[in-house]
Amino acid sequence: MRDQAPVLLRGVSYAYGEGELRRPVLRAVDLTVGPGEIVLLTGPSGSGKTTLLTLIGALRAMQEGSAAVLGRELMGADEAARVALRRRIGFIFQHHNLLGFLTARQNVAMALELDPALRERERLARAGAMLEAVGLGAHADRVPAQLSGGQRQRVAVARALAGSPGLVLADEPTAALDRASGGEVVRLLRDLARSRGVPILMVTHDPRILDIADRVVALEDGRIVAAHAGAADRGGPPPLSAAAARG
Amino acid sequence: MNEIAAAPKLLPWAPERTGEVPPAAAGGLAPDGRGGGPGWTRSLALPLRLAWRQLRAERARLFSALAGVMFACVLVFMQLGFRAALFESATSLLSAMRAELFLMHPLTTASFRPEPLPRARAFQTLALPEVAQAVPVYMAQVSWRNPETGARRMIQLVGFDMEAGAMRFPGLEAVAEALKRPDTVAFDLRSRPEFGDIPGLLARAGGAPLKVEAGNREVEVVGLVEIGASFGADGNMIANEVNFRRLVPQRRASNTDLVALRLVPGADPRAVQARLREILPRDVAVLTHEELVAHERRYWEEATPIGFIFGFGSAMGLIVGMVIVYQILFSDIAAHLREYATLKAMGYSDGYLVRVVMGAALILAGLGFVPGAALSAALYGLVGEATYLPLGMTPGRAVLVFGLIFAMCAAAGLLAVRKLRDANPADMF
Ligand SMILES: Nc1ncnc2c1ncn2[C@@H]1O[C@H](COP(=O)(O)OP(=O)(O)OP(=O)(O)O)[C@@H](O)[C@H]1O
Ligand SMILES: [Mg+2]
């Protein structure tokens, strides 16, 4: 495991719009995610969580500050460098965003098609193994329309992890799921990430899943307002700030 | 839906079939896939496969796209086919002439209305030892009365010396002897039907002379030749020089319309052409056979709207096809914006997604062209029979139309690709 933290943000600020319409969304955010660490990001709606995640995920160009992600400085990075970095990050979205015309196995294999060293057979084998790991080995050849919401999100988890990413970013992965399947999906994600030593940064409004975290970070109005150890270390629900619980 | 189990359903070239992409080198270099180029096949085959899987998933959309491509394909084939057939028939009389060089009045724009030139020029050419024969050819539009209905119509009369062998229409040899008799003509069996069913009447006459009225004279049709109707002439008949003059008495005997020059074996037509230009006055143009045919063709292509009309028809077909393909590709992208954005978030480059869309466009081009070309070939047969036009599929035209359809789909793809910009992964979370 690398010594350097997979995510190291210093003084990151971000604003939407220009001139009169300029609206600061992030203000001097410092955030570190250590190797293998599971960090939950909470905060009220509009506090800038998604913006922060898209900056770390190299989906958005930086404006101010410094962000080293998987050893790569994102400030001033061009599109090609950001595309290259995205290949080493696993994304999980609120919606599964699976390709409807591909089977679960083919969808997971899409995460591997960017690796020129792999042959089709290996890709499909690895995708199949990943689906086994999320408990969907029997459904590998179904298309998303034939799967339940929780199953689809598990396929998305398998896809995010299939490419052996150095970091997993998730934005409210349980928001579209019912309580039971939501809990199942995040616990699965946590277990798989732990066993592979992959750090996770997850945005969530869902107080029921805070217990999977090593650390919970609360964002309010673009600033980190509270960071405390998660329930994973303490064995109980963490004391939440009022702002974090509101969502 | 496993790609291995489902393989027989796929196209033979689909990479699923082999379970792996062709010879992609195992030794990948950089993790971002740009290392040294481990095979452009991979960088094209995988997007192409994704495009095909996406197209295949929506049968109705795929078939309407293919119908659009086929429509464009058939339209372009028919327009180009008609165009070529009309130009070919316009020059069929001149193409049938068997001589190396021709004398023509420089102001003649098209053979169906020639400017006369002095017949003496024909004999002047014989001063060159390379010129073996100079055959004057006479052309005139004369009226013809349909022997069945009595309706009158203008027909092209071509007069020349049958003995000289300067023409090679099918059937000419059989009638050459009979045409020496006074007031005889041979009828072009590929004339338009409005002139009457002359072949039928001849067959039914069973040897008895078939008399018709042409140019206010009664002439006997002694046989059939094959030339072909054209823009300039709805039908043709041929006669020898003497009979031509009887049918067209107002013509001055000292003038002719075209002179066919046959050279001695081994003579270089270009060299003789240059010599003739030196010795002949400026009132005649000396043309090779190709130049004569090209001159006629150029008239129809440039001095008439015919070339433009068919070009316009082809362009309309291509535009309609492009709009249909564009619509299909555009709605495919619009319906999958989230998924495309997700692929971008996973590290797929814009270029990769562009290749997917262009791949879809080119698959549509290929899959639409094949049935389109087959349908066009069948239509050529049907329409050719009905219109007496020499319609037929040629390899050159097939290649040209494939190129046009390919370009049409590529243009549609390039237009649709702009929609990919809306697939922004930053707005996905
Ligand atoms: N593309 C954009 N252009 C302009 N403003 C934006 C854009 N995206 C987000 N914003 C604004 O920036 C602020 C922060 O948005 P962001 O999505 O980061 O918040 P969030 O914490 O993820 O909220 P939520 O919990 O509702 O998802 C909001 O006020 C939002 O309206
Ligand atoms: Mg958000």
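Residues numbered from 1 in each chain as written. Chains lettered and ligands numbered in written order. Predicted model: local features only at pLDDT ≥ 70, side-chain atom pairs only at ≥ 80, totals over all residues. Heavy atoms only, no water.

For chain A, an unreviewed UniProt entry supplies the name ATP-binding cassette domain-containing protein and the organism Caldovatus aquaticus.

### Quick notes on the overall build of chain A
Per the secondary structure count, chain A includes eight helices and 10 strands. Rg of the C-alpha trace for chain A: 18 Å, near the compact-globule value of 18 Å for 247 residues, within the 12% margin. Dimensions along the principal axes, computed over C-alpha positions, put chain A at roughly 50 × 40 × 40 Å. For chain A, the residues scored as buried account for 57% of the 247 residues in total. Long-range contacts, defined as pairs at least 24 residues apart, comprise 65% of the intrachain contacts of chain A with a sequence gap of at least 6. Carbon and sulfur atoms make up 48% of the accessible area of chain A, which amounts to about 9,500 Å² in all. The positive charge centre, built from 31 side chains, and the negative charge centre, built from 26, are 2 Å apart in chain A. (Helix = DSSP H or I, 4+ residues; strand = E, 2+ residues; numbered from the N terminus. Rg over C-alpha atoms; globule rule 2.2 N^0.38 Å. Buried < 20%, exposed > 50% of the residue type's maximum accessible area, 1.4 Å probe, protein only. Contact = heavy atoms within 4.5 Å. Areas by Shrake-Rupley, 256 points an atom, 1.4 Å probe, with all protein chains shown as cover. Lys, Arg positive; Asp, Glu negative; His and termini not counted. Charge placed at Lys NZ, Arg CZ, Asp CG, Glu CD.)

### Digging into the sheet that holds strand β4 (residues 64-69) of chain A
Residues and elements named next belong to chain A. Judged by pairing direction, the sheet is antiparallel, and its four strands sit side by side in the order β2-β1-β4-β5 without closing on themselves. Every other strand in the sheet has two partners, leaving β2 (23-33) and β5 (72-73) as the edge strands with one partner each. For strand β1 (residues 7-16) and β2, the ladder comprises seven bridges, and the chain directions are antiparallel. Each residue of the ladder has a partner; that of valine 12, found in β2, is valine 29. (Pairing = 2+ DSSP bridges.)

### Re the pattern of salt bridges
All names here are of chain B. As enumerated under the stated definition, the model contains 34 salt bridges over all chains in all. Close ionic contact of arginine 61 with aspartate 332 constitutes a salt bridge, the shortest N to O distance being 2.3 Å. Of this pair, arginine 61 sits in helix α2 (residues 59-90) while aspartate 332 sits in helix α10 (residues 306-335); the two residues are 271 residues apart in sequence, bridging distant segments of the chain. The two residues arginine 61 and aspartate 332 agree in class, both being buried. (Salt bridge = Lys/Arg side-chain N within 4 Å of Asp/Glu carboxyl O.)

### With respect to the site of ligand 1
All names here are of chain A. Residues in contact with ligand 1 amount to 13 residues; listed here are only the nearest, Ser45, Gly46, Lys49, Thr50 and Thr51. Taking serine 47, its main chain carries an N or O atom lying 3.3 Å from an oxygen atom of ligand 1. Measuring from an oxygen atom of ligand 1, one finds a side-chain N or O atom of threonine 51 at 2.5 Å. Protein coverage of the free-state accessible area of ligand 1, which is 630 Å², stands at 64%. If one sorts the elements of the shell around ligand 1 by residue count, helix α1 (residues 49-56) sits on top with three residues. (Near = heavy atom within 4 Å. Polar contact = N/O pair within 3.5 Å; in protein donor to acceptor, adjacent residues only side chain to side chain.)

### Details of the packing of aromatic side chains
Between two aromatic rings, the relevant description is the distance of the centres plus the angle of the planes. Residue and element names in this part refer to chain B. Per the stated rule, a full pass over the model turns up 18 aromatic pairs over all chains. Aromatic side chains phenylalanine 82 and phenylalanine 310 sit 6.3 Å apart centroid to centroid with 35° between the ring planes, which places their arrangement in the tilted category. With phenylalanine 82 in helix α2 and phenylalanine 310 in helix α10, the pair connects residues that are 228 residues apart, well separated along the chain. With respect to burial, phenylalanine 82 and phenylalanine 310 carry one shared label: buried. In textbook terms, an aromatic cluster arises when at least three aromatic residues are bridged by ring pairs, as seen for Phe77, Phe369, Tyr380, Phe402 and Phe406. (Phe/Tyr/Trp six-rings, centres within 6.5 Å; stacked < 30°, edge-to-face > 60°.)

### Quick look at helix α4 (residues 120-133) of chain A
Residue and element names in this part refer to chain A. Given a rise of 1.5 Å per residue, 14 residues ought to cover 20 Å, and the 20 Å separating the end C-alpha atoms of α4 matches this to within 8%. Of the positions making up α4, those classed as buried are Glu120, Arg123, Leu124, Ala127, Gly128, Met130 and Leu131. The arc enclosing the buried residues of α4, seen along the axis, measures out at 160°, which places them on a common side. Turned more than 90 degrees from where α4 packs its buried face, Arg121, Ala125 and Glu132 sit exposed. Just downstream of α4 lies glycine 135, where phi reads positive at about 80°. (Expected span 1.5 Å × (residues − 1). Arc of directions from axis to C-beta.)

### A look at the packing of α10(B) against helix α12 (residues 350-387) of chain B
All names here are of chain B. Across the interface, α10 lies against α12 with an axial gap of 11 Å and an inter-helix angle of 140°. Note that α10 runs across α12; the crossing there is right-handed. Where α10 approaches α12, its residues Val325, Leu329 and Ile333 are matched on the opposing element by Val357, Ala360, Ala361 and Leu364. Class assignment for the residues of the contact of α10 with α12 results in seven nonpolar, no polar and no charged. (Axes fitted to C-alpha atoms, helices over the stretch in contact; angles between N-to-C directions. Left-handed = near helix turned anticlockwise from the far one by under 90°. Nonpolar A, V, L, I, M, F, W, Y, C, P; charged D, E, K, R; others polar.)

### Let's talk about the pairing of strand β11 (residues 285-288) of chain B
Residues and elements named next belong to chain B. Residue alternation in β11 divides its side chains into two sets, Ala285 and Leu287 and Val286 and Thr288, and both sets are buried. Relative to β11, strand β1 (residues 101-104) is paired through four bridges, and the arrangement is antiparallel. Looking across to β11, one finds that phenylalanine 102 is bridged to leucine 287.

### Some remarks on helix α11 (residues 337-345) of chain B
Residues and elements named next belong to chain B. Here α11 lies mainly inside the structure; seven of its nine residues are buried. All buried positions along α11 are accounted for by Glu339, Tyr340, Ala341, Thr342, Leu343, Lys344 and Ala345. Glycine 347, located one to two residues past α11, shows a positive phi value of around 110°.

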